[in-house]
Amino acid sequence: MKKHVLMAVLPLMVWGCGDATDADNDGVADGIRDPNNVSVVVPSTPKGTVSGQVLGTNLAPLADVTVAMTIGSQPTGKSATTDASGNFVMSDVPAGAQVLLTFSKTGYATLRAASTVPSSAGTVPINNGNASFGPVTLAQLNGSLIVNVVTPQGRPAVGAKGTLEVDHAGSVILSNDGVSSVVSKVYVEATADANGVLTFSGIPAGVELARLNGSYNLWIAPMDSNGDGVVDTGGYVKSYSGGTIVGTQTTTLAQLAYSKPSNVALNIEGGNVSSLKGATELDPIRNMVRPGEPIYVYFNQPVQPGSLLVRLTDEYAKESLPVTASVNVGGYSATITPANGIVQEGKEYNIFVRAVSAEGGSNYSRTGFFFGGDQYAPKAVTIAELRYQEQERPPAVGAFQLNSGETVYVSFSAPIAKQVGQSVQVLLGADIDGVGGTGGNSVGEIGNNSGQGFPLEMAEPTKPIQTRTPAELPVFGIQASGYSTRYSFIYSGNPLVGVDRLRVQVVFSNLAPVLGTNDTYESIWGQPINADLELTGIIQQPPPPLP
């Protein structure tokens, strides 16, 4: 039994210990043709081939094309050169390998394509795996595309930066799967000359690109056309087919757009005075400027710097207040600075802004309002002044006399709003009905049983207080804010003399039980006013003189 084993193993031992070679690379040692214990010997590293043909877009063979191969992640690989028929072949490529081929030839587009050597290499028959590329088509880089670039105003866009993508500049059919995949693109950059001309050279001509059913994709970057350091135009994007270029011309026109659409009206789209944006932006919190803080305005498109006009008044719009304005960020924003000490906490101001767009010439003109104050620091509201409008001409000599039918103005320390609902009542510390004393059943007197007095209503100014004839006109038309420091009531009762010492009480506490409904007054900080306020002494406002 042992002898048979030795005889069976001996040929293998002799082959394994000898100086065996495999010159024909068939995976079997030379001279060993009929091993009596092995039917076929599989090579330890099966090999395959990569081959193909390279043509021009006119289907003529391209010779001397360099084909460089990268295998997997290896830093180096094989290379070959196409023959007169445009063919190439590379052998001894590991079976199953991922290969990347780069096809390059001076004056032609470069193409890259990937494939896998079939894993059948190394099985029966041995070394037959082949990855076939072809036909590979390369476009010649002997064409150019000229683009005239102009600014939105129609002037040459000197210095415009453009990039042209040529897609496709080549094609390849992977014969292993029969799928056609275009994998070659050409990118060229150019800068417009003094005439605004972009010239893209070294690209496939329109005829060649038409054969490949390709396109020219053009991108022109936004630019600073007036040299002020701020981008003031939009960019440009367009695609041209090779057939279109052949059928029309190779010179095209690209007019840059305005940085914002020119068919959109100039408007203010942001800032700390929202009333300048539109009629719905009336919330006082969004229209509050801290004393000493500028007013910031942001336009939806650049404005002409010299076109900006700003006027500022107080709540009565009787006279203009000093203010300066500057245009920033290439015309996209403006900083409006009232003179030092002009804006005071708890005061309302009217503002007028006019500007002309730098893109198309549309005008913006709007009146807004704002309040002096810090939205994060609410202040308590008090009565700042009481004043009645004298109707007698001339008034009673030596006396401050309030007569029935005359209006008393109550000015608060900050603007407040009257919500829809009942009005707050005003009571006077005087004998209004002439029955002696105050209070009791006398309506309108402090301490009366019903708590009823004179209803206080908003008297928001729309023009200056009249002190002459003809009456003063506002600096500009005023936009109502719905908040005001000025309220009023109409007195009815016996004439009251010595009102410069009269005690006046505004009874907000009567509304307290229904706070949370619409029966309330609130400050510009959104705080409800539910505490009684009072002041002693009414100032006389003389009647305007007769004409």
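If you're wondering where the values come from, they're calculated on a predicted model, not measured in any experiment.

Before going further, it helps to examine the sheet that holds strand β11 (residues 197-203). Pairing is mixed in the open sheet, where 3 strands are placed in the order β11-β8-β14. For this open sheet the edge positions go to β11 and β14 (251-255), each flanked by a neighbour on one side alone. Neighbouring strand axes in the sheet, compared pairwise and without regard to direction, differ in orientation by 25° on average. Sheet topology places strand β8 (residues 143-150) next to β14; 5 bridges connect them, and they run parallel. Bridge pairing links Asn-148 to Leu-253 in β14.

Moving on, we come to the packing of aromatic side chains. Under the definition given, this model contains 12 aromatic pairs. With a centroid separation of 5.8 Å and an interplanar angle of 70°, the aromatic rings of Phe-88 and Phe-103 are classed as edge-to-face. Note that Phe-88 is positioned in strand β4 (residues 87-94) and Phe-103 in strand β5 (residues 98-104), a separation of 15 residues in sequence. Consider the rings of Phe-371 and Tyr-483, whose centres lie 6.0 Å apart with planes at 70°: the pair is edge-to-face.

It is worth spelling out a nonpolar patch on the surface at this point. A surface patch of nonpolar side chains, amounting to about 350 Å² of accessible area, comprises Tyr-187, Trp-219 and Val-237. As for its position among the elements, Val-237 is in strand β13 (residues 236-241). Its relative accessible area of 64% is what places Val-237 among the exposed residues.

What follows is about the side chain of Gln-540. Position of Gln-540 among the secondary structure elements: in strand β34 (residues 539-541). For Gln-540, the side chain forms a polar contact with the side chain of Tyr-388, separated by 3.0 Å. A polar side-chain atom of Gln-540 sits 3.3 Å from a polar atom in the side chain of Glu-390.

Turning next to unusual backbone geometry. A cis amide bond links Asp-167 to the next residue, His-168, at an omega of 15°. Note on placement: His-168 falls in strand β9 (residues 161-174). Between Thr-469 and the following residue, Pro-470, the backbone shows a cis peptide bond with an omega angle of 0°. Relative to the elements of secondary structure, Pro-470 occurs in the loop between β28 (457-458) and β29 (484-490). Positive phi values are uncommon outside glycine, yet Asp-92 reaches one of about 55°. Judged by its relative accessible area of 39%, Asp-92 falls in the partly exposed class. Phi is positive for Asn-213, which is not a glycine, with a value near 55°. For Asn-213, the position within the fold is in the loop between α2 (206-211) and β12 (215-220).

Looking now at the environment of Gln-304. Within the secondary structure layout, Gln-304 lies in the loop between β17 (295-299) and β18 (309-314). Sequence spacing of Gln-304 and Tyr-332 is 28 residues, and the spatial spacing of their C-alpha atoms is 9.5 Å. For Gln-304, the residues in contact, after removing those within four places along its chain, are Val-356, Ser-357 and Ala-358.

Attention shifts here to the nonpolar core. Judged by nonpolar contacts, the single largest core of 38 residues is most densely connected at Phe-412, Leu-428 and Leu-456. Of all the secondary structure elements, the ones that give two or more residues to this core are β22 (363-372), β23 (383-389), β25 (407-418), β26 (425-428), β29 and β31 (503-507). Broken down by element, this core gets its largest block of residues, 6 residues, from β25. Excluding anything up to four places from it in sequence, Leu-428 contacts Gly-444, Glu-445, Ile-446, Phe-454, Phe-489, Tyr-491, Leu-496, Leu-502, Arg-503 and Val-504. The next biggest cluster of nonpolar side chains, apart from the first, holds 26 residues, and it includes Leu-145, Leu-164, Ala-169 and Leu-256.

Turning next to the sheet that holds β26. Spatially, 4 strands are ordered β27-β26-β31-β33 in an open sheet, and the strand pairing comes out antiparallel. Bordering the open sheet on either side are β27 (454-455) and β33 (533-536), each of which pairs with just one other strand.

It is worth spelling out the pattern of salt bridges at this point. By the definition in use, this model includes 9 salt bridges. Here the residues in one salt-bridge network are Glu-165, Asp-167 and Lys-185, joined through shared partners.

Bringing the confidence of the model for the protein chain into the picture now. Do not read the fine detail of predicted coordinates wherever pLDDT is low. Residues with a pLDDT of 70 or more make up 83% of the protein chain, whose mean pLDDT is 82. Counting interchain partners and residues more than four positions distant, the pLDDT-below-50 stretch residues 121-127 has 16 contacts.

The alternating pattern of strand β6 (residues 111-116) places Leu-111, Ala-113 and Ser-115 on a buried face, while none of Arg-112, Ala-114 and Thr-116, on the opposite face, is buried. Direction of pairing for β5 relative to β6: antiparallel, over a ladder of 6 bridges. The residue bridging Gln-98 from the neighbouring strand is Thr-116, located in β6.

Below, the discussion takes up the environment of Val-89. Position of Val-89 relative to the elements: it lies in strand β4. Taking the C-alpha atoms as reference, Val-89 lies 5.7 Å from Val-50; in sequence the two are 39 residues apart. Not counting the four nearest positions on each side in its chain, Val-89 is found in contact with Val-50, Ser-51 and Ala-80.

Conventions we followed
- Residues numbered from 1 in each chain as written.
- Predicted model: local features only at pLDDT ≥ 70, side-chain atom pairs only at ≥ 80, totals over all residues.
- Heavy atoms only, no water.
- Pairing = 2+ DSSP bridges.
- Helix = DSSP H or I, 4+ residues; strand = E, 2+ residues; numbered from the N terminus.
- Axes fitted to C-alpha atoms, helices over the stretch in contact; angles between N-to-C directions.
- Phe/Tyr/Trp six-rings, centres within 6.5 Å; stacked < 30°, edge-to-face > 60°.
- Patch = residues over 30% accessible without salt bridge, like charges linked within 9 Å, V, L, I, M, F, W, Y side chains within 5 Å.
- Areas by Shrake-Rupley, 256 points an atom, 1.4 Å probe, with all protein chains shown as cover.
- Salt bridge = Lys/Arg side-chain N within 4 Å of Asp/Glu carboxyl O.
- Buried < 20%, exposed > 50% of the residue type's maximum accessible area, 1.4 Å probe, protein only.
- Polar contact = N/O pair within 3.5 Å; in protein donor to acceptor, adjacent residues only side chain to side chain.
- Contact = heavy atoms within 4.5 Å.
- Core = buried A, V, L, I, M, F, W, Y, C linked by side-chain atoms within 4.5 Å.
- pLDDT = per-residue confidence, 0-100.

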